[in-house]
Amino acid sequence: AAQEKGRNTYQFYSQSMNVALAERLSLESDLRQALERSEFVLYYQPQVDIRRWEVVGVEALIRWQHPVRGMVSPLTFIPLAEEVGLIDQIGQWVLRTACAQQVAWRAYGLSEISIAINLSGVQFQQADLVESIRTIVRETGANPAGLELELTESTAMHDAENAVVVFQQLKAMGFSLSIDDFGTGYSSLAYLKRFPIDTIKIDRAFVKDLASESEQAAIAIAIIAMAHGLKLRVLAEGVETQPQLDILRNQGCDAIQGYFFSHPLPADLVEQLIRDLRAKATHERPAA
Ligand code: C2E
Ligand code: MG
Ligand code: MG
Ligand code: MG
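Reading the values: the criteria
Residues numbered from 1 in each chain as written. Chains lettered and ligands numbered in written order. Predicted model: local features only at pLDDT ≥ 70, side-chain atom pairs only at ≥ 80, totals over all residues. Heavy atoms only, no water. Near = heavy atom within 4 Å. Polar contact = N/O pair within 3.5 Å; in protein donor to acceptor, adjacent residues only side chain to side chain. Areas by Shrake-Rupley, 256 points an atom, 1.4 Å probe, with all protein chains shown as cover. Buried < 20%, exposed > 50% of the residue type's maximum accessible area, 1.4 Å probe, protein only. Helix = DSSP H or I, 4+ residues; strand = E, 2+ residues; numbered from the N terminus. Pairing = 2+ DSSP bridges. Donors = N, O, S within 2.8 Å, 3.2 Å for Na, K, Ca; no water. Core = buried A, V, L, I, M, F, W, Y, C linked by side-chain atoms within 4.5 Å.

An unreviewed UniProt entry lists the chain under the name Sensory response regulator with diguanylate cyclase domain, with Nitrospira lenta as the source organism.

Quick look at the structure:
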């Protein structure tokens, strides 16, 4: 009986493994064609200065509109793209699209809105990363001063010596730099000081329970103090509620990003939102 059971279990696993493998292969083959089929789109999530309550930037977040599956999360397809060697192409598409968006927004009078772009860990390992970024900036006519490149804390610390060098090159080109998902990796403060970065983004895990007196809240507050000690700007990710915002404001956090203000939006909608907010601010300003 035990043998019987063992065999069934084996069959069960082997069948579900086949299903998972087939599923993965199908997703991979679709991913290979997604670029040429123009199935990717960038959404933009506003970043708001807490004190002035103004949109100072947006983060570009990739979306895959699959013809059958619908929206596929980047949490699913970015790791896959990294594994199967497609991340460079996709990463270049993201950068090119964000650069073109900046140029378009410049013509619309939105040139002071900075655009943050995520770099994947695998992209960051490529020896020609800096050159390929330089080419895209030149070809699109974008201004690196209005672009912020995001690297997660884990990636930056994984090969911190390399990160120092690459960061310095990108900084020299005029980019702003930020450390994403801060608090989830293991940071060496010595390296953090050596990175020529501008902003630390507190991972939303530490923002979630900010309003309850939790360890997570204590970490968020400590990160704000540490960032300011290093003379860095600090932005909180995943802000969803007024109480979270109030605490962050009291702690002197510089900027927020999250559903409380806005979900990530297509370019035209984020543009409209910024215009509406500005019109309202002008309207509310007392006459001189
Ligand atoms: P991330 O860079 O940390 O981006 C923030 C994620 O949090 C986004 O998820 C965003 O939609 C989500 N988010 C924003 N506000 C809130 C909130 O208030 N509550 C909650 N629960 N979530 C919020 P998204 O767009 O699904 O992206 C997930 C991750 O995928 C990103 O995390 C980033 O690591 C990666 N990713 C997205 N776009 C790109 C890209 O163009 N290139 C690369 N390499 N990675 C990307
Ligand atoms: Mg990010
Ligand atoms: Mg993040
Ligand atoms: Mg993240």
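Next up on the list: the site of ligand 1. The immediate surroundings of ligand 1 are formed by 23 residues, with R63, N118, D180, E240 and Y259 found nearest. In this structure, an oxygen atom belonging to ligand 1 sits 3.0 Å away from a side-chain N or O atom of E59. Between ligand 1 and N118, the relevant distance is 2.9 Å, taken from an oxygen atom to a side-chain nitrogen or oxygen of the residue. For ligand 1, whose free accessible area comes to 790 Å², the fraction covered by protein is 86%.

Most of strand 2 (residues 54-66) is tucked away, with 11 of its 13 residues classed as buried. Inspection of the sheet shows strand 1 (residues 40-49) paired to strand 2 by 10 bridges, in the antiparallel sense. Residue pairing in the sheet places V48 in a bridge with V55 of strand 2. Hairpin remark: strand 1 followed by strand 2, antiparallel, with 4 residues in the connecting loop; positive phi at W53, about 50°.

Turning to the coordination of the magnesium ion (ligand 3), a few remarks are in order. Four donors placed tetrahedrally around a metal ideally meet at 109.5 degrees, and six donors placed octahedrally ideally meet at 90 or 180 degrees. Bound to the magnesium ion (ligand 3) on the protein side are D180 (OD), D181 (OD), E237 (OE) and E237 (OE), at distances that span 2.1 to 2.4 Å. Positions of the donor residues of the magnesium ion (ligand 3), expressed as sequence spacing, correspond to D-D-x55-E. For the pair the magnesium ion (ligand 3) and the magnesium ion (ligand 2), the metal-to-metal distance amounts to 4.0 Å, and D180 bridges them. Pair noted here: D180 is in strand 6 (residues 176-182) and E237 is in the loop between strand 8 (233-236) and helix 11 (242-250), with a separation of 57 residues, a long-range link. Among the residues examined, E237 registers a relative accessible area of 12% and is labelled buried.

Another aspect to go through is the nonpolar core. Formed by 80 residues in total, the largest nonpolar core has its most connected members in F167, F195 and L248. A per-element tally of this core places helix 3 (residues 87-107) first, with 7 residues.

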